[in-house]
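Read off the chains here:
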Amino acid sequence: MTETGITTRPVSPALGAEVEGIDLSEPLTAERHAEIRALLNSHLVLFFRDQDLTLEQHKELGRGFGDLHIHPAAPNVEDHPEVIRIRADRNSRVVAGMKWHADVTCDARPPMGSILHLHQVPPVGGDTMFANMYAAFEALSLPMQRFLEGLTAVHESAQVHRDRFGFGGELRDGANAFPEARHPVVRTHPETGRKCLFVNENFTTRIEGLAKHESKALLAMLFEHITTPEFHCRFTWTCKAVAFWDNRCTQHRTVWDYWPATRHGYRVTIAGDNPV
């Protein structure tokens, strides 16, 4: 317990903690913001249960940690361009996030983090899994670490967002403008100074400077490596729970095991920096 009454309970040895003693609907003091940021740097993803948040309160919570990111292609909520609706029900053919990924790494400045608030959960199932990318990098051999640190990868939006949303048209960056970016395969976290793996199955399409078959084989190995259970935690949602994850050093994926039940909520995303 901290001096200000926060308690935490680790979810797994790898990452994740449930946090009690904070009402996220109330304006957070500078001290509270600093405490949450320190906990995020320590645990990488934080979970808060039984939180009543309006969309305005949800946005205000996110703004406490930085400017809000606008998604390049996802339809936003009317009058709330910073908010993404997360929903799956009996009519869904696919749900977002079924592969391991970090959010919107196709942007030149990928998000710092995301805050998801679920308003409706299935009676069973619908967990979210998270993976520690510090641990993923540190588990590689030293020769592989050194090799990867000199590489740059291409991250593309079109292969994910055009297919998922089924349209082009006028997007955040213009007509049919699906962003593409180049990032280091290994990035250094700007707050902790630790190195972490920064490629993901959703957005990373190739590694520059390698032959096509070399790039394909190396990415396949890294994507498989990320699925190692010892890097993971798994969160079982309850109604009104919130998850706040650090997009710079984690990946996540949904588990769509609850059809035809409904899972519904909203996400705000916090703008980030240029990975280095």
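On a predicted model such as this, the values are computed, not experimentally measured, just so you know.

Draft legend 1. Broad picture of the overall build of the protein chain. Tallying secondary structure elements over the protein chain gives six helices and 18 strands in all. Over its C-alpha atoms the protein chain spans a radius of gyration of 18 Å, differing by no more than 12% from the 19 Å that the globule rule assigns to 276 residues. In terms of overall dimensions, the protein chain has a C-alpha envelope of 50 × 45 × 35 Å along the principal axes. Among the 276 residues that make up the protein chain, the fraction classed as buried is 54%. Long-range contacts, defined here as pairs at least 24 residues apart, represent 82% of the contacts in the protein chain between residues at least 6 apart. Of the roughly 12600 Å² of accessible surface on the protein chain, a fraction of 51% belongs to carbon and sulfur atoms. The protein chain carries 29 positive and 35 negative side-chain charges, and their two centres are separated by 6 Å.

Draft legend 2. The arrangement of the environment of Thr 254 in detail. In this fold, Thr 254 is placed in strand β17 (residues 250–254). Linking Thr 254 and Phe 244, residues ten residues apart in sequence, is a C-alpha distance of 15 Å. Polar contacts involving the side chain of Thr 254 include one to the main-chain carbonyl oxygen of Ala 96, which spans 3.1 Å.

Draft legend 3. Fine view of the packing of aromatic side chains. Applying the stated criterion across every chain, the model contains five aromatic pairs. An angle of 5° between the planes, with centres 4.0 Å apart, marks the rings of Phe 47 and Phe 235 as stacked. Of this pair, Phe 47 sits in strand β3 (residues 45–48) while Phe 235 sits in strand β15 (residues 232–235), and the two are 188 residues apart along the sequence. Residues Phe 47 and Phe 235 agree in their burial class; the two are buried. Between Phe 65 and Phe 244, the aromatic rings sit 5.0 Å apart at their centres with planes inclined by 65°, giving edge-to-face as the arrangement. One end of the pair, Phe 65, is in the loop between α2 (55–63) and β4 (76–77); the other, Phe 244, is in strand β16 (residues 242–246), with 179 residues separating them in the sequence. Each member of the pair, Phe 65 as well as Phe 244, is classed as buried. Feature note: the residues Phe 47, Phe 130, Phe 235, Trp 237 and Trp 245 constitute an aromatic cluster, connected by ring pairs. If you follow Arg 187 out to its NZ or CZ, it ends over the ring of Phe 198, 4.9 Å from the centre. The ring of Tyr 134 has Arg 194 sitting right over it, with the charged end atom 4.0 Å from the ring centre.

Rules of the game
- Residues numbered from 1 in each chain as written.
- Predicted model: local features only at pLDDT ≥ 70, side-chain atom pairs only at ≥ 80, totals over all residues.
- Heavy atoms only, no water.
- Helix = DSSP H or I, 4+ residues; strand = E, 2+ residues; numbered from the N terminus.
- Rg over C-alpha atoms; globule rule 2.2 N^0.38 Å.
- Buried < 20%, exposed > 50% of the residue type's maximum accessible area, 1.4 Å probe, protein only.
- Contact = heavy atoms within 4.5 Å.
- Areas by Shrake-Rupley, 256 points an atom, 1.4 Å probe, with all protein chains shown as cover.
- Lys, Arg positive; Asp, Glu negative; His and termini not counted.
- Charge placed at Lys NZ, Arg CZ, Asp CG, Glu CD.
- Polar contact = N/O pair within 3.5 Å; in protein donor to acceptor, adjacent residues only side chain to side chain.
- Phe/Tyr/Trp six-rings, centres within 6.5 Å; stacked < 30°, edge-to-face > 60°.
- Lys NZ or Arg CZ within 6 Å of the ring centre and 35° of its normal.

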